[in-house]
Amino acid sequence: MTAQLIDGNALSKQLRGEVAQRAAALTAKGTKPGLAVVLVGDNPASQVYVRNKVKACEDAGFKSVLEKYEAGLSEAELLARVEALNNDPSIHGILVQLPLPKHIDDHKVIEAISPLKDVDGFHVASAGALMVGEVGFKACTPYGCMKMLESIGMKDLRGKHAVVIGRSNIVGKPMAMMLLAANATVTVTHSGTADLGAMTRQADIVVAAVGRRNVLTADMVKPGAVVIDVGMNRDDEGKLCGDVDFAGVKEVAGHITPVPGGVGPMTITMLLVNTMEAAERAAAAA
Ligand SMILES: Nc1nc2c(c(=O)[nH]1)N[C@@H](CN(C=O)c1ccc(C(=O)N[C@@H](CCC(=O)O)C(=O)O)cc1)CN2
């Protein structure tokens, strides 16, 4: 058996088209969605990601502002920039690209972003809203994973067992909350889990979000399961790869996401969706 691919590029194209239509409608009513992207330092991967975010905004008809700062920018200076963006009515979403240089406390910076503009969904208020089912912004990567499940008819996950590998604040934990909200039975595994394979072999859905190659191999997957790969690593030849042993697992799984072309583009797509939502909420409140 060879698994069906869940194509993040194709799904992104469709969803970004829908966002562009909403953006045109809101712009015609006098509110052009605006996203500010803040990058500190010269991390090469971050530079690619912020460029892709700005380009995606432009393609969708948004205003986008890219603020780039030297790695030596102080925490106080960054907090002052965030505050200025909080008070800028033409900006509906603010994103500070992670990782930040070590001398800056990323938690402090994220908490300085207004929850009304927290389109990354990383603020404690956004995480809390997700936990209790209130209106807020959902973290883009897990939100994109949920859309990928929806695209294969898995919106209500009643009766399904989902196993999340990884417990980070930006992927693993919000992923578990979103799966739970969709009625899945959820197990969160991590570096302290005794027998990972024993957990994943029970799963109808596995989400791998560890940041290490080959965390999930074919022998750890139930035949027909859906495998979502959030990882972004380099193999020995420097080629981009995920956390899943794709070649092996695709022979066992029912559906699988590729890397590249899977969750990555969906992360940017859901950022557009969140920014669109932020602009619509701001216009409705005006
Ligand atoms: N403020 C944030 N920082 C970071 C986030 C985030 O959501 N918000 N996530 C990651 C990086 N990231 C977005 O910023 C991101 C990573 C990868 C991709 C992507 O499209 N990947 C492509 C491959 C790109 C390549 O060739 O390198 C793919 O998978 O097809 C998009 C966004 C950490 N920081």
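Anyway, here's the lowdown on the structure attached to this text. (Residues numbered from 1 in each chain as written. Predicted model: local features only at pLDDT ≥ 70, side-chain atom pairs only at ≥ 80, totals over all residues. Heavy atoms only, no water.)

## Topic: the site of the ligand
Put simply, the test is: Residues are labelled near a given molecule or strand when at least one of their non-hydrogen atoms is within 4 Å of it. Pairing of N or O atoms within 3.5 Å defines a polar contact, subject to two protein rules: one partner must be a possible hydrogen donor and the other a possible acceptor, and residues neighboring in sequence count only if both atoms are side-chain atoms. Each accessible area value is a Shrake-Rupley result obtained with a 1.4 Å probe; residue values ignore everything except the protein chains displayed when judging cover. Think of a 1 Å grid over just the protein atoms. A cavity is a set of points where a 1.4 Å probe fits yet cannot get out, a pocket is an open set with protein on both sides within 12 Å along at least five of seven lines, and lining residues have an atom within 4 Å of a point. By definition, a pocket or cavity contains a molecule when more than half of the molecule's atoms lie within 2 Å of the pocket's grid points.
For the ligand, the set of nearby residues contains 16 residues, the closest of which are K53, V96, Q97, D120 and G261. L98 is positioned with one of its backbone polar atoms (N or O) 2.9 Å from a nitrogen atom of the ligand. The contact in question runs from an oxygen atom of the ligand to an N or O atom on the backbone of G261, over 2.6 Å. Burial of the ligand by the protein amounts to 79% of the accessible area it has alone, namely 680 Å². Of all the cavities here, the one that holds the ligand is the largest pocket.

## Quick word on the packing of helix 6 (residues 140–151) against helix 10 (residues 263–285)
Inclusion rule: Axis definition: a line fitted to C-alpha atoms, limited for helices to the stretch in contact. Angles are taken between N-to-C directions and run from 0 to 180 degrees. A run of DSSP states H or I qualifies as a helix once it reaches four residues; a run of E qualifies as a strand once it reaches two. Both are numbered from the N-terminal end. Should an angle lie under 35 degrees it is considered roughly parallel, over 145 roughly antiparallel, and from 65 to 115 roughly perpendicular; all remaining angles are considered oblique. What makes two residues a contact is simply this: any of their non-hydrogen atoms within 4.5 Å. Residue polarity is assigned by list, with Asp, Glu, Lys and Arg as charged and Ala, Val, Leu, Ile, Met, Phe, Trp, Tyr, Cys and Pro as nonpolar; anything else, Gly included, falls into the polar class.
Interhelical geometry of helix 6 versus helix 10 gives an angle of 105 degrees and a closest axis separation of 8 Å. Classified by the interaxial angle, the pair formed by helix 6 and helix 10 is roughly perpendicular. Residues C140, T141, Y143, G144, C145, K147 and M148 of helix 6 form the contact with helix 10, whose own contacting residues are V263, M266, T267, M270, L271, V273 and N274. Split into classes, the residues belonging to the contact of helix 6 with helix 10 amount to 9 nonpolar, 4 polar and 1 charged.

## Examining the pattern of salt bridges
Note on pairing: side chains with opposite charge can pair once their charged atoms come close. For clarity, the threshold we go by: For salt bridges, the criterion is a side-chain nitrogen of Lys or Arg within 4 Å of an Asp or Glu carboxyl oxygen. Think of it in three bands: with a 1.4 Å probe and only protein chains considered, a residue is buried below 20% of the maximum accessible area for its type, exposed above 50%, and partly exposed in between.
Taken as a whole, this structure holds 12 salt bridges when the rule is applied. Among the salt bridges present, the one from D156 reaches R158, with a minimum N-O distance of 3.4 Å. Between K250 and E251 there is a salt bridge, with its nearest N and O atoms 2.9 Å apart. Exposure remark for E251: the relative accessible area of 37% places this residue in the partly exposed category. The structure contains a network of salt bridges with shared partners spanning R22, E277, E280 and R281.

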